[in-house]
Amino acid sequence: MTTYAEGRTRLLRNLTYAAAILFVLALLMDFFYVGPEAQQGEAQRIFYVHLGSFLGAFIGFTAAVVAGIRYLRSRDPKWDTLGLSSVEVGLGLSTITIVTGMFWAKPIWNVYWTWEPRLTSVTIMWLAYAAYMMLRAGIEDPERRRRFAAVYGIVAFSSVLFTVIIIRVRPDTIHPAIGPTQASPEGEFEITPRIRDTLFFNLFTFGVIAVTLIWYRIRLENLFLHIERRKMDLLSQEG
Amino acid sequence: MAENVEYMIAGYVAMALILGGLIFSIYWRYRMLLRDEQRIAQYESEEQVLASSAAPTAPVRDDAPPPAVAPDRSETVPGR
């Protein structure tokens, strides 16, 4: 008979295998299933991981909001662990979004970076979550740290919503968007069935990768807290 | 059609490096924590040996209670 902990470990192992297989399949689709886009050429293939990684980051930051609300209601430290893990993974995945976007922008816009509304808002979002990591590391009292992180995680999510919405409402953005926007009522580019399939497969893959990484990060934090408690026990015995 | 394959390769390499770095960072910290846990266990066992060797030996009585055994805490780690 398997215990609850063994069952969860097996589930995580299976999720890891699934994430690895999905990632390989997603890359095969990016390079071989879908052809280059007519106007943007090969660089357009970056779009699949660019958008996929943003979805993964979005999952992480959304989980941090849920964790923050649950922590403030229950004061159970496990929600703080979820919040920290989600933000860390979300920050890593949003770094992929920004860097891959830069490599796409160079051949298409002729610059790696420009301070247009979407890029500015995503920078604010990234800095807000980087600040979360730094600020919580600077608070000594655990209860105060958890309370701060919960509130900050909820408030910082406004920067994510701002980033998502801004290309729909600002007419001066040059960032492409699927579907009509104020800047381009007809949409930026046509989605063929193969582009759509590859995009959705990448979105699903990065969603699974995000959940898997958050789970591993939770286990890491649990082990860290367990070792800290054992160290404190030892010190108190010696004292 | 635009010839820009080098930017596509650079984008995918950057993605692989950042994702790999994130995974490696979690793995490496986990390894370091396991090493810490081993050190603590070793320290605790050394302390127990020292404590038992320093304790005065008393004559064993037939009605003496069995020695206390430290509880196994390996299953108390949440989420492992």
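Everything that follows concerns the structure shown earlier in this document.
Computed from a predicted model, the values in this text were never measured in an experiment. (Residues numbered from 1 in each chain as written. Chains lettered and ligands numbered in written order. Predicted model: local features only at pLDDT ≥ 70, side-chain atom pairs only at ≥ 80, totals over all residues. Heavy atoms only, no water.)

Examining the overall build of chain A
When helices and strands are counted, chain A shows six helices and zero strands. Helices and strands in chain A line up, N terminus first, as α-α-α-α-α-α. Within chain A, buried positions represent 48% of all 239 residues. Contacts in chain A between residues at least 24 apart in sequence constitute 73% of all its contacts with a sequence separation of at least 6. (Helix = DSSP H or I, 4+ residues; strand = E, 2+ residues; numbered from the N terminus. Buried < 20%, exposed > 50% of the residue type's maximum accessible area, 1.4 Å probe, protein only. Contact = heavy atoms within 4.5 Å.)

Considerations on empty space enclosed by the protein
Residue and element names in this part refer to chain A. This structure, assessed with the given rule, holds one cavity of 30 Å³ or more. Lining of the largest cavity is provided by Ala-64, Ala-67, Gly-68, Tyr-71, Trp-79, Asp-80, Gly-83, Tyr-132, Ala-149, Ala-150 and Gly-153. Counting residues per element, the ones that place at least two in the lining of the largest cavity are α2 (46–74), α3 (77–109) and α5 (142–169). A per-class count over the lining of the largest cavity returns seven nonpolar, three polar and one charged. (1 Å grid on protein atoms, 1.4 Å probe; cavity = no way out; pocket = protein on both sides within 12 Å on 5 of 7 lines; lining within 4 Å. Points joined across faces, edges and corners; volume = space filled by probe spheres on them. Nonpolar A, V, L, I, M, F, W, Y, C, P; charged D, E, K, R; others polar.)

Some details on the interface of chain A and chain B
Each side of the interface is counted separately: chain A has 50 residues, and chain B has 33 residues. Taking both partners together, chain A and chain B bury about 3800 Å²; carbon and sulfur atoms supply 72% of that area. Contact with chain B buries surface across chain A, with Leu-220, Leu-223 and Arg-230 of chain A losing the most and accounting together for 17% of the total. For the interface between chain A and chain B, the tally reads four salt bridges. In this structure, Glu-44 of chain B and Arg-230 of chain A form a salt bridge, with 2.8 Å as the shortest nitrogen-oxygen distance. (Buried area = accessible area lost by both parts, 1.4 Å probe. Salt bridge = Lys/Arg side-chain N within 4 Å of Asp/Glu carboxyl O.)

What about α5 of chain A?
In a regular helix each residue adds 1.5 Å, so 28 residues correspond to 40 Å; α5 of chain A covers 41 Å between its end C-alpha atoms and thus fits that length. Residues Ala-149, Ala-150, Tyr-152, Gly-153, Ala-156, Phe-157, Ser-159, Val-160, Thr-163, Ile-166 and Ile-167 of chain A constitute the buried set of α5 of chain A. (Expected span 1.5 Å × (residues − 1).)

Quick notes on α2 of chain A
An ideal rise of 1.5 Å per residue puts 42 Å on 29 residues; α2 of chain A measures up with 42 Å between its terminal C-alpha atoms. Arg-75 of chain A lies just past α2 of chain A and shows a positive phi near 60°.

Section: the packing of α2 of chain A against α3 of chain A
All names here are of chain A. In contact at an axis separation of 7 Å, α2 and α3 are set at 160° when each is read in the N-to-C sense. In this view, α2 runs roughly antiparallel relative to α3, as classed from their interaxial angle. Relative to α3, the crossing made by α2 is left-handed. Here the residues of the contact of α2 with α3 sort into 18 nonpolar, twelve polar and two charged. (Axes fitted to C-alpha atoms, helices over the stretch in contact; angles between N-to-C directions. Parallel < 35°, antiparallel > 145°, perpendicular 65-115°, else oblique. Left-handed = near helix turned anticlockwise from the far one by under 90°.)

By themselves these figures say nothing about function.
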